[in-house]
Amino acid sequence: MSKVAEIKAKLEAADIRYWANDNISQVLEEGDREALIEEAVPAFENVLQNLVIDTKTDPNSMDTARRMAKMYVNEIMSGRYEEMPNPSAFPNYVGEGGYEGMLVVRSELTSLCSHHHQTVKGVAYIGIIAGEKLLGLSKYSRIAQWCARRGTLQEELNVMIADAIQKETGSEHVGVYVQATHGCCENRGIKAHSSLTQTTVLRGAFKDDMGTKKEFIDNVKLQQQFSCGQ
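All of the points below concern the structure found in this document. Since this is a predicted model, take the numbers as computed values, not measurements.

A count of helices and strands for the chain gives eight helices and seven strands. On the principal axes, the C-alpha backbone points of the chain span a range of 65 × 45 × 30 Å. Of all 230 residues assigned to the chain, the portion counted as buried reaches 41%. Counting only contacts in the chain whose residues sit at least 6 apart along the sequence, the fraction spanning at least 24 positions is 68%.

Quick look at the structure:
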């Protein structure tokens, strides 16, 4: 049995979904990712051959199939095969000198459109009203990037980031704003090189309290101005 077939059998036996934006690390064992790469190489080679590309004498195309297989598994879709980064939550002593305000973290993202496998590049702004647990500042970005590194749609990615942040912090009050450009819009179809897609997920006070929502949006605007000014 091939490694791909073995992994699929495990997933289906455990009734685990394996869509493009799902994480399947719970059934992977040591060495499985390397085996997936090896099995993907001839598949990518077949794609190149079917595009009538000479991979034997074209120096630019030699070993491209292996580079593509490694890129998919180890880089642009690695969020499917890796466990979520350890969030390292620490207690926040609310009411006893702990932080009770809003935290807004900016994270650069690279993802992959499930429809055309074109790159999606953008930024997530994660807002949270501190509860009983906080994460190290870099962990918010690591979680967002882990969610992004798979095939997905921006709307789904926004929800995934919000879900993960809520799960790891226990906070009911989370806002996630994502702005991104899509290769599937820039490189094909309408070929709109200035297109920008914005999506927002607001929960708890971010959704229900206008003051909290405004503070979050104002913080996003300040961070955008700062990043443009650098």
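We are not done yet, so read on.
Within this structure, the stated rule accounts for 11 salt bridges. For the salt bridge of Lys10 with Glu6, the shortest nitrogen-to-oxygen distance reads 3.8 Å. Taken together, the positions of Lys10 and Glu6, both in helix H1 (residues 3-13) and four residues apart, correspond to about one turn of that helix. What makes Lys10 partly exposed here is its relative accessible area of 25%. Judged by relative accessible area, Glu6 falls into the partly exposed class, the value being 25%. Here Glu38 and Arg66 are joined by a salt bridge, their closest N and O atoms 2.8 Å apart. Taken as a pair, Glu38 in helix H2 (residues 32-50) and Arg66 in helix H3 (residues 64-76) lie far apart in primary sequence, 28 residues in all.

Rules of the game
Residues numbered from 1 in each chain as written. Predicted model: local features only at pLDDT ≥ 70, side-chain atom pairs only at ≥ 80, totals over all residues. Heavy atoms only, no water. Helix = DSSP H or I, 4+ residues; strand = E, 2+ residues; numbered from the N terminus. Buried < 20%, exposed > 50% of the residue type's maximum accessible area, 1.4 Å probe, protein only. Contact = heavy atoms within 4.5 Å. Salt bridge = Lys/Arg side-chain N within 4 Å of Asp/Glu carboxyl O.

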